[in-house]
Amino acid sequence: GPKVLQIPSHQIIDMGQMVTLNCDPVSNHLYFYWYKQILGQQMEFLVNFYNGKVMEKSKLFKDQFSVERPDGSYFTLKIQPTALEDSAVYFCASSFRATGQLYFGEGSKLTVL
Amino acid sequence: GDKVKQSPSALSLQEGTNSALRCNFSIAATTVQWFLQNPRGSLMNLFYLVPGTKENGRLKSAFDSKESYSTLHIRDAQLEDSGTYFCAASYQGGRALIFGTGTTVSVSP
């Protein structure tokens, strides 16, 4: 099936540092998403992105978070500065339509020390 | 409160048995998706539903938008069915897919 690739699979950083998580969505998809999952818990929506803009974001999408997709490149989630509570697995997803079927990557596990 | 509630939270099954998982929505859900998260954390797409029913092998899912619920039936459970099942709903006026709390299924011989 369609594949969403995420890089890195795992990153360990010190609190206060910046981190960028990269996502290569399914090639013809237009809508992109980030979700956060703390171990053993549910997937929590962070943000969705379409046509170069944030369409919707949740309360978890703090001011320290930003997303972008420069032309043809990765869809990125940047956290600057990081905090201990940012430790989680971050999943990227994409879909062709606004409420279409979502395809998820394997996740990027972020550990903030 | 939770817009998407799943039940049960955990389920232990013997191989070969049948079971059902349920999601109740407190929002006007328009589409429902079901995923299986394996122990490594990968999410597998199971179903994408507008109101109605779909079947795929030993799995069958239904979405009733009027009564605001969805079900996932597992027939003849196998060891590889173990994992956490999530339902997720999109809703009128929103673009985000909202996830339920998950049902952790453990299938034993």
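Residues numbered from 1 in each chain as written. Chains lettered and ligands numbered in written order. Predicted model: local features only at pLDDT ≥ 70, side-chain atom pairs only at ≥ 80, totals over all residues. Heavy atoms only, no water.

1. Structural notes on the overall build of chain A
Line of reasoning, step 1. Counting secondary structure elements, chain A contains zero helices and 11 strands.
Line of reasoning, step 2. Traced from its N-terminal end to its C-terminal end, chain A shows the element sequence β-β-β-β-β-β-β-β-β-β-β.
Line of reasoning, step 3. Relative to its length of 113 residues, chain A is compact, with a C-alpha radius of gyration of 13 Å against a globular reference of 13 Å.
Line of reasoning, step 4. Taking the principal axes of its C-alpha atoms as reference, chain A extends roughly 35 × 25 × 25 Å.
Line of reasoning, step 5. Taking all 113 residues of chain A together, 45% fall into the buried category.
Line of reasoning, step 6. Summarising the internal contacts of chain A: among those between residues at least 6 apart in sequence, 54% fall at separations of at least 24.
Line of reasoning, step 7. A gap of 5 Å separates the mean positions of the 10 positive and 10 negative side-chain charges of chain A. (Helix = DSSP H or I, 4+ residues; strand = E, 2+ residues; numbered from the N terminus. Rg over C-alpha atoms; globule rule 2.2 N^0.38 Å. Buried < 20%, exposed > 50% of the residue type's maximum accessible area, 1.4 Å probe, protein only. Contact = heavy atoms within 4.5 Å. Lys, Arg positive; Asp, Glu negative; His and termini not counted. Charge placed at Lys NZ, Arg CZ, Asp CG, Glu CD.)

2. What to know about the environment of K5 of chain B
Residue and element names in this part refer to chain B.
Line of reasoning, step 1. Tracing the backbone shows K5 in strand β1 (residues 4-7).
Line of reasoning, step 2. Residues K5 and C23, spaced 18 residues apart in sequence, show a C-alpha to C-alpha distance of 5.5 Å.
Line of reasoning, step 3. If near-sequence neighbours (up to four positions away) are discounted, K5 is found in contact with R22, C23 and N24.

3. Some points on the side chain of S108 of chain A
Line of reasoning, step 1. In this fold, S108 of chain A is placed in strand β11 (residues 108-112).
Line of reasoning, step 2. If we skip the residues at most four places from it in the chain, S108 of chain A touches Q6, I7, P8, S9, L21, A88, V89 and Y90 of chain A.

4. As for the environment of G16 of chain A
All names here are of chain A.
Line of reasoning, step 1. By the element assignment, G16 lies in the loop between β2 (10-13) and β3 (19-24).
Line of reasoning, step 2. Each C-alpha atom of the pair G16 and E85 lies 12 Å from the other, and the pair is 69 residues apart in sequence.
Line of reasoning, step 3. In contact with G16, not counting residues within four places along its chain, are P81 and T82.

5. Digging into the interface of chain A and chain B
Line of reasoning, step 1. On the chain B side, the residues contacting the 20 residues of chain A number 21 residues.
Line of reasoning, step 2. Regarding the contact of chain A and chain B, the summed buried area is about 1,700 Å², with carbon and sulfur atoms giving 50% of it.
Line of reasoning, step 3. Contact with chain B buries surface across chain A, with Q42, T99 and Q101 of chain A losing the most and accounting together for 29% of the total.
Line of reasoning, step 4. For the side of chain A that touches chain B, the element with the most residues is strand β4 (residues 31-37) of chain A, which contributes three residues.
Line of reasoning, step 5. Among the residues making up the side of chain A that touches chain B, the classes are represented as 10 nonpolar, seven polar and three charged. (Buried area = accessible area lost by both parts, 1.4 Å probe. Nonpolar A, V, L, I, M, F, W, Y, C, P; charged D, E, K, R; others polar.)

6. Overview of the state of the cysteines
Note on terminology: disulfide describes a covalent bond linking the sulfur atoms of two cysteines.
Residues and elements named next belong to chain A.
Line of reasoning, step 1. What the rule picks out here adds up to two disulfides over all chains.
Line of reasoning, step 2. Across the disulfide from C23 sits C92; the S-S distance is 1.9 Å. Across the disulfide from C23 to C92, rotation about the S-S bond amounts to roughly -65 degrees, and the bridge is consequently left-handed. Here the residue C23 occupies a position in strand β3, and C92 occupies one in strand β9 (residues 88-95), the gap between them amounting to 69 residues. For the pair C23 and C92, one class covers both residues: buried. (Disulfide = S-S within 2.5 Å.)

7. Quick word on the sheet that holds strand β7 (residues 59-64) of chain B
Residue and element names in this part refer to chain B.
Line of reasoning, step 1. Pairing is antiparallel across the open sheet formed by five strands, whose spatial order is β1-β3-β8-β7-β6. Every interior strand has two partners, whereas the edge strands, β1 and β6 (52-56), have only one. When strand polarity is set aside, the average angle formed by the axes of neighbouring strands in this sheet is 15 degrees.
Line of reasoning, step 2. Sheet analysis places β1 next to strand β3 (residues 19-25), joined by four bridges and oriented antiparallel. Across the sheet, residue S7 finds its bridge partner in β3, namely R22. (Pairing = 2+ DSSP bridges. Axes fitted to C-alpha atoms, helices over the stretch in contact; angles between N-to-C directions.)

8. Concerning the nonpolar core
Line of reasoning, step 1. Ranked by internal contacts, the top residues of the largest apolar core, which has 42 residues, are Y35 and F104 of chain A together with F25, W34 and F99 of chain B.
Line of reasoning, step 2. It is strand β9 (residues 83-91) of chain B that contributes the most residues to this core, six residues altogether.
Line of reasoning, step 3. Grouped together as the second largest cluster of nonpolar side chains are 23 residues, V26, V67, L110 and V112 of chain A included. (Core = buried A, V, L, I, M, F, W, Y, C linked by side-chain atoms within 4.5 Å.)

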